[in-house]
Each structure stands twice: as C-alpha cells, then as structure tokens.
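# Analysis of the macromolecular model
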There are 2 protein chains.
Amino acid sequence: MISKNRIRFIKSLEQKKNRQQVQLFIIEGEKMVLEAIQWIPEQLVSVYYTSDFFLNSIDEGYDLELISELELKSISTLKTPNKALAVCKYLPSKSIVSPFSIVLDGVQDPGNLGTILRMADWFGISHVYCSKDTVDCYNSKVLQATMGAIFRVSVTYIDLDDFFTENNKPVYGALLNGNNLFTTQFENEGIILLGNEGSGIRESNLKYIDQSITIPKFGHAESLNVATAGAIILGSVYRGI
Amino acid sequence: MISKNRIRFIKSLEQKKNRQQVQLFIIEGEKMVLEAIQWIPEQLVSVYYTSDFFLNSIDEGYDLELISELELKSISTLKTPNKALAVCKYLPSKSIVSPFSIVLDGVQDPGNLGTILRMADWFGISHVYCSKDTVDCYNSKVLQATMGAIFRVSVTYIDLDDFFTENNKPVYGALLNGNNLFTTQFENEGIILLGNEGSGIRESNLKYIDQSITIPKFGHAESLNVATAGAIILGSVYRGI
C-alpha cells in the first residue's frame, strides 16, 4: 500500500519547482519504465508496478512495489495509467560529446522538445543544450514524446552566452532568411541552433551564428514547426556523414 | 447577440459526426481567421469577431458578426479564445496536383497530421491523401497545428486500394528496414507513403510500395515520430529539385 504522504509526494513532482527542489522526476508507462530499468537503473529510486507489468530485472538498487490499478491511478498523471510509474533522480550529463550537438533557444512546446530529443537519439547526438527559459525536459509531456530518448541524450540548461563564448565548433543557425540548406557544406562537427516557436532565435544570439541556414520554400507556409525544421536540417547534416 | 441555438450549433461542430452531417467546420484565432478570409473567402459562412480583431476585408459573401469576449468564450474550444471564430464549408479538393503527394495510412495524432500539412504547404505539395481511419483534418487540434496550411493543401479521405490501383507515380514508403534514404534517387514525381504512429504502414499496403526508404540511424531510438520522418524524407526529395 502506498501511504497518503507518498501519494502526495509523487503528485508534487508534477510541478517543476518541486522537482527541482528534490532533483527527482516521474516517468510513466510500461515502455518508459522498462527503458529506464535498462538504460538508467542507477538513477531509479522507486518503481511502482501493477501485476500485469512485465518486470524482467529486479536485481538493482531501487525500491520495487507491487500496487493495485487503483493505487497506480492515484499517483498517475495519465488519463489511462499504464502498468508502471517510477521516481528517478535527475539524469547526469554524459561525458562523451558527439561531433554534433543541438542548442535550443527558448523552445516552449513540450511536444517539440520531446520530438527533438527523440530525433537527436536517432542520429546519435549526445547533447541537447537549452536556454534556461526552454521548457523543462522533466515535464511529463516532454518525457512521453521522447519515447525513452531522455535516457540516452543529455539535456543541459545553460546560459547561452557562456556556452557560445566557450564553444569552438561552427554554429549553424536556422533562420528564415539564411543560406540554402541544400547547398550548405557542413563541417565534421558543429552546433545546430534552433529558436523559439514564434520568435525564432533571439536577436542577442544571432552574433554566435557562423552559418545561417534556411530550408528552401516551394509553397506558402510562413514557417515550419521547430521540430520539423530541425529534422530537415539534421537530415542534411547526416546525409554527408 | 448570438442565440442559444446558434451557440449550440457551433459547439456541436466539435464532434466529427456533426461536422460531416452538415459539411461545416470551425476555425479559431486571429491568424487562422485572417488566413481563411485571404485564402478561402468563398468557403466562409460566418465570421464572429471581437472588437480588437483586425478585420481588413469585409466585401465577401459571408455573415460578419461583432460579438463580446464573453460570447466568443461561449462558442470557443480554446482555453484562451483569440479574437475570432469562423464557420466554414468543407474545403474542395484542388484540381491541380503537384508532382509529389503524401499518402497517410492511419495517422492518429492530430498534431502529427497538422504538422505534416504545414510542411506539405512549405514544400508546395498540393494534396495529402488519407486512409479513412486517419484523424479528421477538421479536428480543432489538427487545424491549429496546420497554422493555415489547411487552406492551401487539399486533404482527401480515400480508400487506399482504389487510390493505389489508379496511381501511376512511383510510391516511396517509409519503413524501418528499407533502403538508405540518403542514397535513394527520387524521380521527378511520386507519392510519399507514411504509416501509423505505432504500427507503421499496414501490411496490406506494402505491395504498393515501389521503393522502400529508411532514414539511417546512428543512435538508439527505436523509431522516429511520423512527422519527423516525413520531414527528413521531404528534405531529401526537395534537395534534388
């Protein structure tokens, strides 16, 4: 049985400020919890699961508790709770950095951040750096949209000025009036800089861009969704690798 | 003043079956309504707007009604209603077909369909054909995600067997075990076939694929979001045009 205090504590982690205070977050659903057990067992604190959860490994240093469907419902943020929920410690940054990284300047939509992390994972990008006003990667909607990529891609919230001042790699910035993406020659390493959904890359960060890039337009849409634009750009980067 | 009957009627259009019965749908928000006035004035039936709406054209054959913020709230599906709402007739299919089209086999997520329409619009794709179980393009979440692309890209719900039987263009199908996208030579016209979020392209439709394509993976994600995959594929198609 989960105590009322525990339920209250777990529910409190739906709020970013509470997560930050204790440096813990929640993951939900069979697939996500199984991926956490596989990829980040050392970060797990507690795993709550119902009897139909396929638990394939129990030898790690975290608490395991079999609970009822009703109990799962009492701690879940999902409309349809799905077999398991885990409390995890904030994820450490990876030490090995891939040749390409992504920097996000003020991305607000949880689905966009999650989708960007998922495609970073697909292409083997180790790090996504976010401006401090980018949506929190431990937000439940972000986590669901990553489909597990959060366990493999490091997300770091940083001061972009500090980051770019120390950075030596070429910075490719997605703008609406840049150079043709399809004729851009990418170096063997670099930073892909993507901006906010409505306003793009902040003016104060434009000075850090070495090559501005634009996806050629053949139709009428005013702009592309930031995750879509990122996908097309990464496609161009990785076709040369 | 909007009558109670009218409010009830507008609210009824939140349901797909009611929309289909009267062949009408709702668009919301200043940007979307202004785009509708610009791109599809002949499809508009009524435009409801508050005093701060920037109405730049009033010479068309539709009803215009100035309403209060409170009235807008009573007919809106948005948490924060935004200056205008319009009732529109279902959009006719465009007669001119671009060299490339997209076919969707069972895409379920409104955000994905909207994002796909937005990028189709960006690349000048005139038609997106959907299997009958694909999410309804007049769903409010789809419409919002299109950012106006719905007014410029034709969406048609079809029997895919009939469609492919009559189709003469090469069909490029996105699969997890196909040929390398980055070395695929695209013809000057074709169909990009994308499948359901969880299960991909239905097995019964695999026989229609002339070239299977896969986005090379360098990392660990099991799959990509369908809109992300579509974006990367379209990027490859249009870089050769």
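Below is a short write-up of the structure. (Residues numbered from 1 in each chain as written. Chains lettered and ligands numbered in written order. Predicted model: local features only at pLDDT ≥ 70, side-chain atom pairs only at ≥ 80, totals over all residues. Heavy atoms only, no water.)

### Points about the relation of the copies chain B and chain A
When chain B is fitted to chain A, the best match, at an RMSD of 0.0 Å, comes from turning it 180 degrees and sliding it 0.0 Å along the axis. Each copy turns onto its partner about a two-fold axis. Among all C-alpha atoms of chain B, that of B:Ile232 lies closest to the rotation axis, at 2.3 Å. Interface overlap between copies is the fraction of interface residues in one copy that are interface residues in the other; for chain B against chain A it reaches 100%, indicating a shared surface. (Least-squares fit on C-alpha atoms with pLDDT ≥ 70 in both. Contact = heavy atoms within 4.5 Å.)

### Observations concerning the state of the cysteines
Where two cysteines share a covalent bond between their sulfur atoms, that bond is called a disulfide. Tallied over the entire structure, the rule returns zero disulfides over all chains. Residue A:Cys137 stays outside any disulfide, its sulfur separated by 6.8 Å from that of A:Cys130, the closest cysteine. (Disulfide = S-S within 2.5 Å.)

### Quick notes on the pattern of salt bridges
Considering all chains together, one arrives at 18 salt bridges over all chains under this definition. A:Glu35 serves as the salt-bridge partner of A:Arg152, at 2.6 Å between the closest nitrogen and oxygen. With A:Arg152 in the loop between α6 (140-146) and β7 (154-158) and A:Glu35 in helix α3 (residues 30-39), this residue pair connects regions lying 117 residues apart in the sequence. The pair formed by A:Arg152 and A:Glu35 is uniform in burial state, with each residue classed as buried. Here B:Lys31 makes a salt bridge to B:Glu35, at a shortest N to O gap of 2.8 Å. Placement of the pair is B:Lys31 and B:Glu35 together in helix α3 (residues 30-39), with a separation of four residues, close to one helical turn. We classify B:Glu35 as buried; its relative accessible area is 7%. A single salt-bridge network, built from bridges that share partners, covers A:Lys31, A:Glu35, A:Asp121, A:Arg152 and B:Glu222. (Salt bridge = Lys/Arg side-chain N within 4 Å of Asp/Glu carboxyl O. Helix = DSSP H or I, 4+ residues; strand = E, 2+ residues; numbered from the N terminus. Buried < 20%, exposed > 50% of the residue type's maximum accessible area, 1.4 Å probe, protein only.)

### Focus on the packing of helix α8 (residues 226-239) of chain A against helix α8 (residues 226-239) of chain B
Two elements in contact, α8(A) and α8(B), have axes whose closest approach is 8 Å; the angle formed by their N-to-C orientations is 55 degrees. In terms of orientation, α8(A) lies oblique with respect to α8(B). Here α8(A) runs over α8(B); the crossing is right-handed. In this structure, α8(A) uses A:Thr228, A:Ala231, A:Ile232, A:Gly235, A:Ser236 and A:Arg239 to contact α8(B), whose residues at the interface are B:Thr228, B:Ala231, B:Ile232, B:Gly235, B:Ser236 and B:Arg239. Of the residues that constitute the contact of α8(A) with α8(B), the class distribution is four nonpolar, six polar and two charged. (Axes fitted to C-alpha atoms, helices over the stretch in contact; angles between N-to-C directions. Parallel < 35°, antiparallel > 145°, perpendicular 65-115°, else oblique. Left-handed = near helix turned anticlockwise from the far one by under 90°. Nonpolar A, V, L, I, M, F, W, Y, C, P; charged D, E, K, R; others polar.)

### Description of empty space enclosed by the protein
Throughout the structure, instances matching the rule amount to two cavities of 30 Å³ or more. Looking at the largest cavity, its volume works out to about 50 Å³. Around the largest cavity, the lining residues are A:Phe182, A:Ala231, A:Ile232, A:Gly235, A:Ser236, A:Arg239, B:Phe182, B:Ile232, B:Gly235, B:Ser236 and B:Arg239. For the lining of the largest cavity, the secondary-structure elements that each account for two or more residues are α8 of chain A together with α8 of chain B. In terms of residue count, the dominant contributor to the lining of the largest cavity is α8(A) (five residues). Taken together, the residues that form the lining of the largest cavity break down as five nonpolar, four polar and two charged. Roughly 40 Å³ of internal volume is contained in the second largest cavity. Lining the second largest cavity, in full, are A:Ile26, A:Ile27, A:Glu28, A:Thr77, A:Leu78, A:Ser140, A:Leu143 and A:Gln144. (1 Å grid on protein atoms, 1.4 Å probe; cavity = no way out; pocket = protein on both sides within 12 Å on 5 of 7 lines; lining within 4 Å. Points joined across faces, edges and corners; volume = space filled by probe spheres on them.)

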